[in-house]
Amino acid sequence: MSTPGAAPQEAASIKPHTGKLGIMIPGMGAVATTLIAGVEAIRRGMAKPIGSISQMGTIRLGKRTDNNSPLIKDFVDIAPLEDLVFTGWDIFGGNLYDAAKTAQVLDRDTLEEIRPFLESIEPMPAVFDQHYVKRLTAKHQKVGKNKCDLANQIRNDIAEFKTKTDRQVMIWCGSTEIYLEQTEVHQTLEAFEKGLVNDDPGISPSMLYAWAALKEGIPFANGAPNLTVDIPALKELSRKMNAPICGKDFKTGQTFIKTVLAPAFKTRMLGVAGWYSTNILGNRDGEVLDDPESFKTKEVSKLGVLEHIFQPELHPDLYKDLYHKVRINYYPPRGDNKEGWDNIDIFGWLGYPMQLKVDFLCRDSILAAPLALDLVLFMDLAARSSELKGLGIQEWLSFYFKDPDSAPGVYPEHDLFIQSMKLKNTLRHIMGQDLITHLGLDYYGE
């Protein structure tokens, strides 16, 4: 059922997409090369954009009986793939063909077909500090007198890219940094910018990229679980510059499955006594996460999902004693083909126990690439929307993240299906369409 009056009478003011949309990527490894090579393969008609909601998803408008479900890309003014231009930074040097070969995600035939395109993209030297990612050693990095100098070097790179493109979005696809707690330097923009000059250890490389992007009015999305843009200082900058931000850590494999199964258990009022999750992963992400400090960053991101979905404070008989354990093990032979194994101990009527076991043999970058594509296109849309850009946090994009961001005092929504409804209702709202509530009573009235 649609809800008359629940949406504005007119669509929000949205600037039309014109010219080239520049995608800036810190960390041009497996995910970034899979995204970029995939976009080029799709542009050449070699493949379909499977997994991308922005490209293949539909959106129902009005009643079910209206039979009006256009493609999302035909309903909202998102940039076409032909308009995308890519650049970025990486610590290993070489062109994207070399990087894609090293990542070993895509087959040789695909890479050879688009080899000239990939070879034409040379990542810029990256800002890197091994203190924050201990298992990697940079071969291609910037040098500066302090973090402020390094951040301004990124701004200079952005300024150069702005001369070649009409709009820009930045998406972090770099490695997981060590776990950081918020400190005083993160609380205000003034304190943060002083911290840049003073080389405050609470400011990581990913924060330098986020600050530089937001200072330039460019939306920023974070595909890793680092503490980055989810601090008061950068949220303040986001609102000040009308530069959208969103959650963090692409929701790809195991957590994607959790946000499907956990809502099912909760909807049926089935209890969960324990949920044990382990992963084996052999790519660079797995190597980085083999470091305990980087693993903690990922662990915190993954552990928060069940608590928010189950709401044990509201359902103590079902979830207050839930034991949730997450493990990630580096296993080089597996490469990018991650395996996520879950053992779930549930209980039902009269407390009788049951079990569910899930073994998801997935391809990490194949799942992440379409999420990254959707995010850059939707973040660009938000930046062109008079209603969305001033919000700062784009909570309607929670669908894509293990760790969604939300307004102060508002708990984040992790249920995949509620997230999907939120995303589509936001698109309906800004386009002046009635929201969909699924009540349906008007189908059965007089």
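For the structure, check the block above.
Throughout what follows, the structure given in this document is the object of discussion. These numbers were taken from a predicted model, which means no experiment stands behind them. (Residues numbered from 1 in each chain as written. Predicted model: local features only at pLDDT ≥ 70, side-chain atom pairs only at ≥ 80, totals over all residues. Heavy atoms only, no water.)

Ile25, Ile171, Phe378 and Leu427 are the most contacted members of the largest nonpolar core, which has 58 residues in total. Of all the elements, helix H15 (residues 364-384) adds the most residues to this core, at 12 residues. Grouped together as the second largest cluster of nonpolar side chains are 47 residues, Met124, Val133, Leu150 and Met207 included. (Core = buried A, V, L, I, M, F, W, Y, C linked by side-chain atoms within 4.5 Å. Buried < 20%, exposed > 50% of the residue type's maximum accessible area, 1.4 Å probe, protein only. Helix = DSSP H or I, 4+ residues; strand = E, 2+ residues; numbered from the N terminus.)

Turning our eyes to something else, we now look at the sheet that holds strand S7 (residues 245-250). Sheet strands line up and pair through hydrogen bonds in the backbone, either parallel or antiparallel. Ordered by their spatial adjacency, seven strands build an open sheet running S4-S3-S2-S5-S6-S7-S12, and the pairing between neighbours is mixed. With partners counted over all chains shown, the strands left at the sheet margins are strand S4 (124-125) and strand S12 (401-403), one partner each. Taken strand by strand, helix H13 (residues 292-310) contacts S7 and S12, and its axis lies near 95° from that of S12. Relative to strand S5 (residues 167-172), H15 is tilted by about 140°, and along the sheet it contacts strand S2 (21-26), strand S3 (84-90), S5, strand S6 (220-222), S7 and S12. (Pairing = 2+ DSSP bridges. Contact = heavy atoms within 4.5 Å. Axes fitted to C-alpha atoms, helices over the stretch in contact; angles between N-to-C directions.)

So, about a nonpolar patch on the surface. A grouping of Trp349, Leu350 and Tyr352 is seen on the molecular surface, where their side chains present a nonpolar patch of about 490 Å² in accessible area. Among the structural elements, Tyr352 can be located in the loop between strand S10 (339-347) and strand S11 (353-361). (Patch = residues over 30% accessible without salt bridge, like charges linked within 9 Å, V, L, I, M, F, W, Y side chains within 5 Å. Areas by Shrake-Rupley, 256 points an atom, 1.4 Å probe, with all protein chains shown as cover. Salt bridge = Lys/Arg side-chain N within 4 Å of Asp/Glu carboxyl O.)

Take the sheet that holds S11 next. The mixed open sheet is built from four strands, whose spatial order is S9-S8-S10-S11. Across the chains shown, the open sheet's two edge strands, defined by having one partner strand only, are strand S9 (323-330) and S11. Each neighbouring strand pair of the sheet contributes to a mean axis angle of 10°, computed without reference to strand direction. The pairing of strand S8 (residues 271-281) with S10 spans nine bridges and is classified as antiparallel. Across the sheet, residue Asn279 finds its bridge partner in S10, namely Gly340. With respect to the sheet, helix H11 (residues 254-267) is in contact with S8, S9, S10 and S11, its orientation differing from that of S8 by roughly 170°. Strands in contact with H13 are S8 and S9; relative to S9, the strand with the most contacts, it is inclined by about 150°.

Functional significance is not addressed by these values, which are geometric in nature.
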